[in-house]
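What follows is the residue order along each chain.
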Amino acid sequence: QVQLVESGGGLVQAGDSLRLSCAPSGRTFSGYPVAWFRQAPGKEREFVAGITWRPGITDYADSVKGRFTISRDSARNTVYLQMSSLKPEDTAVYYCAEKRFGAGSNRLPELYDYWGQGTQVTVSS
């Protein structure tokens, strides 16, 4: 059962920008934290950026700080990840996740309850 749906991935060149979108399937976001994670081949899934719904506090991994921006649009029921100055090392499958029940750090993927199917982002040098 798909809970979240991501879109916006693709193949770009280093230095380009890309915007990912995440929306829940058949429901609305309910005010819980939402985050983007990514997983490159042979590597563990890692936190990229997160946002709380109210009041919209954001958090970023050091590797993307200053280049990526996470935001949410309640009217469109969507969370975005704007990615700029992309680097080849940003290449990964990007996942959107919503944390409904777990307590603890919003950076831990194991504490997230609902996930999307992922969208591939490939950055060529």
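Residues numbered from 1 in each chain as written. Predicted model: local features only at pLDDT ≥ 70, side-chain atom pairs only at ≥ 80, totals over all residues. Heavy atoms only, no water.

*Asks:* Just to check I follow, could you spell out the packing of aromatic side chains for this structure?
*Replies:* By convention here, two paired aromatic rings are described through the distance between centres and the angle between planes. For the structure shown, the criterion picks out six aromatic pairs. Taken together, the ring pairs in this structure connect Phe 37, Phe 47, Tyr 95, Tyr 112 and Trp 115 into an aromatic cluster. Positioned over the ring face of Trp 115 is Arg 45, at 4.7 Å from the centre of the ring. (Phe/Tyr/Trp six-rings, centres within 6.5 Å; stacked < 30°, edge-to-face > 60°. Lys NZ or Arg CZ within 6 Å of the ring centre and 35° of its normal.)

*Asks:* It is not clear to me how the pattern of salt bridges should be interpreted in this structure. Could you clarify?
*Replies:* For side chains of opposite charge, pairing can occur when their charged atoms come near one another. Within the structure shown, the criterion is met by seven salt bridges. We note a salt bridge from Glu 98 to Arg 27, for which the minimum N-O separation is 2.5 Å. Within this pair, whereas Glu 98 is found in strand E9 (residues 92–98), its partner Arg 27 is found in the loop between strand E3 (18–24) and strand E4 (34–39), the two being separated by 71 residues in sequence. Take Arg 27: its relative accessible area is 23%, and that puts it in the partly exposed class. A cluster of three or more residues bridged by salt bridges with shared partners is formed by Arg 38, Glu 46, Arg 67 and Asp 90. (Salt bridge = Lys/Arg side-chain N within 4 Å of Asp/Glu carboxyl O. Helix = DSSP H or I, 4+ residues; strand = E, 2+ residues; numbered from the N terminus. Buried < 20%, exposed > 50% of the residue type's maximum accessible area, 1.4 Å probe, protein only.)

*Asks:* Quick question: what am I supposed to make of the sheet that holds strand E8 (residues 78–83) here?
*Replies:* Pairing between sheet strands relies on hydrogen bonds along the backbone, with the strands arranged either parallel or antiparallel. Within the open sheet, the four strands sit side by side as E1-E3-E8-E7. Their pairing is antiparallel. The sheet terminates laterally at strand E1 (4–7) and strand E7 (68–73), the two strands that pair on one side only. Each neighbouring strand pair of the sheet contributes to a mean axis angle of 15 degrees, computed without reference to strand direction. Of the strand pairs in this sheet, E1 and E3 are connected by four bridges, and their pairing is antiparallel. Each residue of the ladder has a partner; that of Glu 6, found in E3, is Cys 22. (Pairing = 2+ DSSP bridges. Axes fitted to C-alpha atoms, helices over the stretch in contact; angles between N-to-C directions.)

*Asks:* Help me out: how do you make sense of the side chain of Gln 3 in this one?
*Replies:* Structurally, Gln 3 is set in the segment before E1. If we skip the residues at most four places from it in the chain, Gln 3 touches Ala 23, Pro 24, Ser 25, Arg 27, Tyr 114 and Trp 115. (Contact = heavy atoms within 4.5 Å.)

Spatial relationships are all this shows, so hold off on functional conclusions.
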